[in-house]
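Chain by chain, the residues run as shown.
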Amino acid sequence: MNRLSTIAGAAGLTACLVATAFGRNASSDTTPARTLAIDSLPSPAGVGSAEPNLTVGPDGRVYLSWLEPTSPGHALKFAVHDGTKWSAAQTIVQRPDFYVNWADFPSLVVLDGGRLAAHWLQRNGTGTYAYVVRISQSADGGNTWSTPVAPHRDSSETEHGFVALWNERGTVGAVWLDGRKTKAAGHDAGHAAGNEMMLVSTTLAADGTRGAEVRLDERTCDCCQNAAAMTSNGPIIAYRDRSSEEIRDIYVTRRVGNKWTAGAPAHRDNWKIAACPVNGPALSARGNRVALAWFTAPGDSARVNVAFSDNAGATFGAP
(Lines give C-alpha, C1' and ligand atoms only; values in the text may rest on other atoms or scores of the structure.)
Protein backbone atom coordinates (compact mmCIF):
# COMPACT_ATOMS: atom_id res chain seq x y z
CA MET A 1 0.00 0.00 0.00
CA ASN A 2 1.53 3.34 -0.97
CA ARG A 3 1.17 6.68 0.80
CA LEU A 4 -1.87 7.77 -1.22
CA SER A 5 -3.90 4.65 -0.52
CA THR A 6 -3.03 4.84 3.18
CA ILE A 7 -4.16 8.46 3.45
CA ALA A 8 -7.28 7.76 1.40
CA GLY A 9 -8.19 4.94 3.76
CA ALA A 10 -7.69 7.11 6.83
CA ALA A 11 -9.78 9.88 5.30
CA GLY A 12 -12.51 7.39 4.48
CA LEU A 13 -12.61 6.29 8.11
CA THR A 14 -12.89 9.92 9.20
CA ALA A 15 -15.76 10.45 6.74
CA CYS A 16 -17.56 7.43 8.21
CA LEU A 17 -17.20 8.79 11.74
CA VAL A 18 -18.46 12.25 10.77
CA ALA A 19 -21.37 10.73 8.85
CA THR A 20 -22.23 8.66 11.91
CA ALA A 21 -22.15 11.80 14.05
CA PHE A 22 -24.45 13.62 11.64
CA GLY A 23 -26.85 10.68 11.70
CA ARG A 24 -27.17 10.48 15.48
CA ASN A 25 -30.40 11.53 17.16
CA ALA A 26 -32.12 11.30 20.49
CA SER A 27 -32.91 7.62 20.00
CA SER A 28 -29.35 6.65 19.04
CA ASP A 29 -28.79 4.90 22.39
CA THR A 30 -31.20 2.16 21.31
CA THR A 31 -29.69 1.75 17.85
CA PRO A 32 -27.78 -1.53 17.43
CA ALA A 33 -23.99 -1.14 17.19
CA ARG A 34 -22.59 -1.06 13.67
CA THR A 35 -19.65 -3.05 12.43
CA LEU A 36 -16.98 -0.94 10.75
CA ALA A 37 -14.78 -2.65 8.17
CA ILE A 38 -11.70 -1.11 6.56
CA ASP A 39 -10.60 -2.31 3.12
CA SER A 40 -7.33 -1.54 1.36
CA LEU A 41 -7.78 -0.10 -2.14
CA PRO A 42 -5.14 -0.16 -4.88
CA SER A 43 -4.09 3.42 -5.51
CA PRO A 44 -4.64 4.96 -8.97
CA ALA A 45 -1.52 7.13 -8.49
CA GLY A 46 1.88 6.39 -9.95
CA VAL A 47 5.11 5.76 -8.09
CA GLY A 48 6.41 8.81 -6.24
CA SER A 49 3.03 10.55 -6.11
CA ALA A 50 2.15 12.70 -3.11
CA GLU A 51 0.10 15.69 -1.91
CA PRO A 52 -3.25 13.80 -1.96
CA ASN A 53 -6.62 15.41 -1.32
CA LEU A 54 -10.12 13.90 -1.08
CA THR A 55 -13.50 15.46 -1.81
CA VAL A 56 -17.02 14.07 -2.18
CA GLY A 57 -19.49 15.00 -4.93
CA PRO A 58 -23.26 15.51 -4.48
CA ASP A 59 -23.84 11.95 -5.70
CA GLY A 60 -21.59 10.50 -2.99
CA ARG A 61 -18.70 9.60 -5.27
CA VAL A 62 -15.24 10.28 -3.87
CA TYR A 63 -12.66 12.25 -5.87
CA LEU A 64 -8.94 11.88 -5.17
CA SER A 65 -6.43 14.42 -6.54
CA TRP A 66 -2.63 14.29 -6.29
CA LEU A 67 0.66 15.45 -7.78
CA GLU A 68 2.63 12.90 -9.77
CA PRO A 69 6.26 13.40 -10.86
CA THR A 70 6.83 13.74 -14.60
CA SER A 71 9.73 14.81 -16.75
CA PRO A 72 9.92 17.72 -16.38
CA GLY A 73 7.94 18.85 -13.36
CA HIS A 74 4.73 17.27 -12.12
CA ALA A 75 1.22 16.44 -13.30
CA LEU A 76 -1.89 17.22 -11.27
CA LYS A 77 -4.15 14.18 -11.64
CA PHE A 78 -7.42 12.89 -10.26
CA ALA A 79 -9.51 9.72 -10.12
CA VAL A 80 -13.08 8.95 -9.03
CA HIS A 81 -14.20 6.12 -6.75
CA ASP A 82 -17.58 4.67 -7.69
CA GLY A 83 -18.11 2.72 -4.48
CA THR A 84 -16.17 -0.28 -5.72
CA LYS A 85 -12.99 0.85 -7.43
CA TRP A 86 -11.01 3.88 -8.60
CA SER A 87 -11.35 5.07 -12.18
CA ALA A 88 -8.34 5.51 -14.43
CA ALA A 89 -6.33 8.61 -13.57
CA GLN A 90 -6.97 11.76 -15.60
CA THR A 91 -4.55 14.67 -15.95
CA ILE A 92 -5.75 18.18 -15.10
CA VAL A 93 -2.52 20.01 -15.90
CA GLN A 94 1.18 19.25 -16.28
CA ARG A 95 3.80 21.92 -15.56
CA PRO A 96 7.50 22.32 -14.69
CA ASP A 97 6.83 25.14 -12.20
CA PHE A 98 4.40 23.72 -9.65
CA TYR A 99 5.01 24.79 -6.08
CA VAL A 100 5.20 21.36 -4.44
CA ASN A 101 4.90 21.24 -0.67
CA TRP A 102 3.57 18.62 1.74
CA ALA A 103 1.54 21.19 3.72
CA ASP A 104 0.10 23.28 0.87
CA PHE A 105 -1.41 21.04 -1.78
CA PRO A 106 -3.83 21.20 -4.74
CA SER A 107 -7.54 20.39 -4.41
CA LEU A 108 -10.65 19.57 -6.41
CA VAL A 109 -14.30 20.51 -5.89
CA VAL A 110 -17.41 19.12 -7.62
CA LEU A 111 -19.84 21.76 -8.89
CA ASP A 112 -23.44 21.59 -10.07
CA GLY A 113 -24.17 19.47 -13.13
CA GLY A 114 -21.00 17.41 -12.75
CA ARG A 115 -18.71 20.37 -13.45
CA LEU A 116 -15.35 20.39 -11.68
CA ALA A 117 -12.94 23.03 -10.43
CA ALA A 118 -9.32 22.42 -9.43
CA HIS A 119 -6.68 24.62 -7.88
CA TRP A 120 -2.90 24.35 -7.80
CA LEU A 121 0.10 26.45 -6.81
CA GLN A 122 2.57 27.89 -9.31
CA ARG A 123 5.92 29.58 -8.70
CA ASN A 124 6.15 33.23 -9.76
CA GLY A 125 9.60 34.16 -8.49
CA THR A 126 12.84 32.94 -6.96
CA GLY A 127 11.89 33.40 -3.30
CA THR A 128 11.13 30.36 -1.18
CA TYR A 129 7.51 31.42 -0.77
CA ALA A 130 6.99 33.18 -4.10
CA TYR A 131 3.98 31.39 -5.56
CA VAL A 132 0.45 32.08 -6.76
CA VAL A 133 -2.86 30.23 -7.00
CA ARG A 134 -4.39 29.03 -10.26
CA ILE A 135 -7.95 27.70 -10.67
CA SER A 136 -9.27 25.86 -13.72
CA GLN A 137 -12.75 24.48 -14.43
CA SER A 138 -14.08 21.56 -16.45
CA ALA A 139 -17.58 21.28 -17.95
CA ASP A 140 -17.12 17.70 -19.19
CA GLY A 141 -16.15 15.71 -16.12
CA GLY A 142 -12.45 16.43 -16.37
CA ASN A 143 -11.77 15.62 -20.01
CA THR A 144 -10.90 19.23 -20.84
CA TRP A 145 -10.05 22.20 -18.61
CA SER A 146 -10.44 25.95 -18.98
CA THR A 147 -7.64 28.50 -19.11
CA PRO A 148 -6.55 28.88 -15.47
CA VAL A 149 -7.16 32.13 -13.60
CA ALA A 150 -5.82 33.53 -10.33
CA PRO A 151 -8.49 34.15 -7.70
CA HIS A 152 -6.36 36.93 -6.18
CA ARG A 153 -5.73 40.28 -7.84
CA ASP A 154 -2.28 40.57 -6.29
CA SER A 155 0.60 38.97 -8.22
CA SER A 156 3.53 40.00 -6.03
CA GLU A 157 6.30 37.48 -5.41
CA THR A 158 4.94 36.45 -2.03
CA GLU A 159 2.92 33.54 -0.69
CA HIS A 160 -0.63 32.89 -1.92
CA GLY A 161 -1.85 29.47 -0.88
CA PHE A 162 -3.62 27.17 1.57
CA VAL A 163 -6.74 27.32 -0.57
CA ALA A 164 -10.17 25.94 0.29
CA LEU A 165 -12.84 25.69 -2.42
CA TRP A 166 -16.59 25.21 -2.16
CA ASN A 167 -19.55 24.86 -4.53
CA GLU A 168 -22.18 27.56 -4.33
CA ARG A 169 -24.97 27.07 -6.88
CA GLY A 170 -22.41 26.30 -9.56
CA THR A 171 -20.11 29.18 -8.66
CA VAL A 172 -16.68 28.40 -7.23
CA GLY A 173 -16.06 29.88 -3.81
CA ALA A 174 -12.39 30.25 -2.87
CA VAL A 175 -10.53 31.34 0.26
CA TRP A 176 -6.76 31.49 0.71
CA LEU A 177 -3.91 32.88 2.79
CA ASP A 178 -2.44 35.96 1.14
CA GLY A 179 1.02 37.42 1.74
CA ARG A 180 0.74 40.69 -0.17
CA LYS A 181 1.26 42.68 3.03
CA THR A 182 4.72 41.11 3.36
CA LYS A 183 5.99 42.05 -0.11
CA ALA A 184 7.76 45.19 1.10
CA ALA A 185 9.77 43.06 3.52
CA GLY A 186 11.14 40.67 0.89
CA HIS A 187 10.24 37.40 -0.81
CA ASP A 188 10.65 35.20 2.24
CA ALA A 189 9.02 37.54 4.73
CA GLY A 190 5.75 35.63 4.93
CA HIS A 191 7.08 33.31 7.61
CA ALA A 192 9.31 35.79 9.42
CA ALA A 193 8.47 37.19 12.84
CA GLY A 194 6.43 40.37 12.69
CA ASN A 195 5.03 39.78 9.20
CA GLU A 196 1.40 38.87 8.66
CA MET A 197 -0.74 36.76 6.36
CA MET A 198 -4.33 37.66 5.50
CA LEU A 199 -7.41 35.53 4.88
CA VAL A 200 -9.00 36.56 1.56
CA SER A 201 -11.98 35.21 -0.38
CA THR A 202 -13.67 35.58 -3.77
CA THR A 203 -15.89 33.69 -6.22
CA LEU A 204 -15.34 32.52 -9.79
CA ALA A 205 -18.13 32.20 -12.35
CA ALA A 206 -18.20 29.40 -14.92
CA ASP A 207 -16.38 31.62 -17.42
CA GLY A 208 -13.68 32.48 -14.88
CA THR A 209 -14.95 35.97 -14.06
CA ARG A 210 -13.91 36.93 -10.54
CA GLY A 211 -16.34 38.29 -7.98
CA ALA A 212 -15.51 40.84 -5.32
CA GLU A 213 -12.35 40.19 -3.33
CA VAL A 214 -13.01 40.31 0.42
CA ARG A 215 -10.43 40.47 3.20
CA LEU A 216 -11.90 38.28 5.93
CA ASP A 217 -9.10 38.60 8.50
CA GLU A 218 -6.02 40.82 8.40
CA ARG A 219 -3.83 38.61 10.61
CA THR A 220 -3.91 34.82 10.50
CA CYS A 221 -1.60 31.92 11.20
CA ASP A 222 1.04 31.79 8.46
CA CYS A 223 0.77 28.24 7.13
CA CYS A 224 -2.29 26.39 8.41
CA GLN A 225 -4.86 24.92 6.06
CA ASN A 226 -8.24 26.62 5.81
CA ALA A 227 -11.56 24.77 5.55
CA ALA A 228 -14.86 25.70 3.92
CA ALA A 229 -18.34 24.18 3.70
CA MET A 230 -21.75 25.15 2.37
CA THR A 231 -24.67 25.24 4.81
CA SER A 232 -28.35 25.94 4.14
CA ASN A 233 -27.68 29.54 5.17
CA GLY A 234 -24.55 30.04 3.07
CA PRO A 235 -20.82 29.31 3.24
CA ILE A 236 -18.81 28.95 6.43
CA ILE A 237 -15.01 29.16 6.64
CA ALA A 238 -12.78 27.94 9.48
CA TYR A 239 -9.17 29.03 9.89
CA ARG A 240 -6.43 29.45 12.50
CA ASP A 241 -6.28 33.01 13.76
CA ARG A 242 -3.19 34.80 15.10
CA SER A 243 -3.71 37.43 17.78
CA SER A 244 -1.21 40.10 18.73
CA GLU A 245 -0.43 37.94 21.79
CA GLU A 246 0.23 34.90 19.52
CA ILE A 247 -2.96 33.09 20.52
CA ARG A 248 -3.70 30.77 17.59
CA ASP A 249 -7.20 29.43 18.11
CA ILE A 250 -9.60 28.28 15.40
CA TYR A 251 -11.97 31.00 14.17
CA VAL A 252 -15.00 30.84 11.89
CA THR A 253 -16.61 33.39 9.58
CA ARG A 254 -19.91 33.04 7.73
CA ARG A 255 -21.49 34.90 4.88
CA VAL A 256 -24.89 36.12 6.02
CA GLY A 257 -26.79 37.64 3.12
CA ASN A 258 -24.10 39.44 1.16
CA LYS A 259 -21.80 40.21 4.07
CA TRP A 260 -19.17 38.12 5.84
CA THR A 261 -19.26 38.11 9.63
CA ALA A 262 -16.22 39.10 11.67
CA GLY A 263 -14.10 36.10 12.54
CA ALA A 264 -14.91 34.65 15.96
CA PRO A 265 -13.41 31.73 17.92
CA ALA A 266 -15.26 28.45 17.66
CA HIS A 267 -13.90 27.77 21.14
CA ARG A 268 -11.39 29.70 23.24
CA ASP A 269 -8.56 27.18 23.61
CA ASN A 270 -6.09 30.01 24.35
CA TRP A 271 -3.28 28.13 22.65
CA LYS A 272 -0.30 30.47 22.72
CA ILE A 273 2.47 29.53 20.33
CA ALA A 274 4.94 31.91 18.69
CA ALA A 275 5.15 29.72 15.59
CA CYS A 276 2.87 28.18 13.01
CA PRO A 277 1.73 24.63 13.91
CA VAL A 278 1.00 23.84 10.22
CA ASN A 279 -2.25 22.24 11.28
CA GLY A 280 -5.62 23.68 10.31
CA PRO A 281 -9.28 22.78 10.90
CA ALA A 282 -11.68 20.48 9.04
CA LEU A 283 -15.33 21.30 8.29
CA SER A 284 -18.36 19.36 7.12
CA ALA A 285 -21.95 20.55 6.77
CA ARG A 286 -25.38 19.11 6.03
CA GLY A 287 -28.18 21.64 6.03
CA ASN A 288 -27.66 23.76 9.13
CA ARG A 289 -25.73 21.02 10.96
CA VAL A 290 -21.96 21.69 10.97
CA ALA A 291 -19.10 19.58 12.30
CA LEU A 292 -15.75 21.24 13.03
CA ALA A 293 -12.57 19.39 14.03
CA TRP A 294 -9.18 20.85 14.93
CA PHE A 295 -5.87 20.23 16.69
CA THR A 296 -4.90 22.30 19.71
CA ALA A 297 -2.27 22.17 22.44
CA PRO A 298 -2.76 24.79 25.18
CA GLY A 299 -0.30 24.28 28.01
CA ASP A 300 1.52 21.75 25.81
CA SER A 301 -1.42 19.36 26.20
CA ALA A 302 -2.09 18.14 22.66
CA ARG A 303 -5.53 16.96 21.59
CA VAL A 304 -8.02 16.96 18.73
CA ASN A 305 -11.37 18.66 19.40
CA VAL A 306 -14.67 18.15 17.60
CA ALA A 307 -17.59 20.55 18.03
CA PHE A 308 -21.04 20.69 16.47
CA SER A 309 -23.43 23.48 15.48
CA ASP A 310 -27.14 23.30 14.76
CA ASN A 311 -27.40 26.87 13.44
CA ALA A 312 -25.08 26.85 10.42
CA GLY A 313 -22.02 27.71 12.49
CA ALA A 314 -23.38 30.79 14.28
CA THR A 315 -22.51 29.04 17.55
CA PHE A 316 -20.82 25.76 18.44
CA GLY A 317 -21.34 23.46 21.37
CA ALA A 318 -18.57 22.55 23.79
CA PRO A 319 -15.85 20.51 22.00
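Residues numbered from 1 in each chain as written. Predicted model: local features only at pLDDT ≥ 70, side-chain atom pairs only at ≥ 80, totals over all residues. Heavy atoms only, no water.

(A) Examining the overall build of the protein chain more closely. When helices and strands are counted, the protein chain shows 1 helix and 19 strands. By residue count, 47% of the 319 residues in the protein chain fall in the buried class. Taking the contacts inside the protein chain whose residues are at least 6 apart along the sequence as the reference set, 49% of them involve residues at least 24 apart. (Helix = DSSP H or I, 4+ residues; strand = E, 2+ residues; numbered from the N terminus. Buried < 20%, exposed > 50% of the residue type's maximum accessible area, 1.4 Å probe, protein only. Contact = heavy atoms within 4.5 Å.)

(B) Fine view of the sheet that holds strand β9 (residues 171–178). Across the sheet, which stays open at both edges, the 4 strands sit in the order β8-β9-β10-β11 with antiparallel pairing between neighbours. Whereas interior strands pair on both sides, the edge strands pair on one side only; in this sheet they are β8 (160–168) and β11 (214–220). Strand-to-strand twist of the sheet, defined as the mean angle between neighbouring strand axes without regard to direction, takes the value 20°. Of the pairings in the sheet, the one linking strand β10 (residues 197–204) to β11 comprises 4 bridges and is antiparallel in character. Within β11, the residue paired with Leu199 across the bridge is Asp217. (Pairing = 2+ DSSP bridges. Axes fitted to C-alpha atoms, helices over the stretch in contact; angles between N-to-C directions.)

(C) Here's a closer look at the sheet that holds strand β3 (residues 74–81). In spatial order, the strands read β1-β2-β3-β4; together these 4 strands make up an open sheet with antiparallel pairing. What marks the edges here is a single partner per strand, and that holds for β1 (50–56) and β4 (90–95). For this sheet, the mean inter-axis angle between neighbouring strands, taken without regard to orientation, is 20°. Pairing of strand β2 (residues 62–69) with β3 involves 8 bridges; the strand directions are antiparallel. Counterpart to Trp66 in the pairing with β3 is Lys77.

(D) Inspection of the pairing of β3 at higher detail. Of all 8 residues making up β3, 7 are buried, and the element is well covered by its neighbours. Connecting β2 to the next strand, β3, in antiparallel fashion are 4 residues, including Gly73 with a positive phi near 80°. Where β3 and β4 come together, 5 bridges link them in antiparallel fashion. When the sheet's bridge partners are listed, Phe78 is paired in β4 with Gln90.

(E) Representation of the nonpolar core in the model. Counting residues in hydrophobic clusters, the biggest one holds 31 residues, and the most contacted among them are Leu165, Val175, Leu199 and Ile237. Taken together, the elements giving at least two residues each to this core come down to β6 (116–123), β7 (131–138), β8, β9, β10 and β13 (234–240). Tyr63, Phe78, Val80 and Trp120 belong to the second largest nonpolar core, which has 14 residues in total. (Core = buried A, V, L, I, M, F, W, Y, C linked by side-chain atoms within 4.5 Å.)

(F) Up close: the packing of aromatic side chains. Within the structure shown, the criterion is met by 6 aromatic pairs. Aromatic pair Tyr99 and Tyr131: ring centres 3.8 Å apart, planes at 10°, arrangement stacked. With Tyr99 in the loop between β4 and β5 (107–110) and Tyr131 in strand β7, this residue pair connects regions lying 32 residues apart in the sequence. Residue classification places Tyr99 among the buried residues on the basis of a relative accessible area of 6%. (Phe/Tyr/Trp six-rings, centres within 6.5 Å; stacked < 30°, edge-to-face > 60°.)

(G) Quick peek at the pattern of salt bridges. The tally for this structure, following the rule as stated, stands at 17 salt bridges. A salt bridge links Arg180 to Glu213, with the nearest nitrogen and oxygen atoms 3.0 Å apart. Separated by 33 residues along the polypeptide, Arg180 in the loop between β9 and β10 and Glu213 in the loop between β10 and β11 bring together distant segments of the chain. A relative accessible area of 12% means that Arg180 is categorised as buried. Of the charged contacts in the structure, one is a salt bridge between Glu196 and Arg219, with a shortest N-O distance of 2.9 Å. Placement of Glu196 in the loop between β9 and β10 and of Arg219 in strand β11 is noted, with a sequence separation of 23 residues between them. For Glu196, a relative accessible area of 25% gives the class partly exposed. Judged by its relative accessible area of 18%, Arg219 is buried. Salt bridges sharing partners connect three or more residues here, namely Lys181, Glu196, Arg215, Glu218, Arg219, Asp222, Arg242, Glu246 and Arg248. (Salt bridge = Lys/Arg side-chain N within 4 Å of Asp/Glu carboxyl O.)

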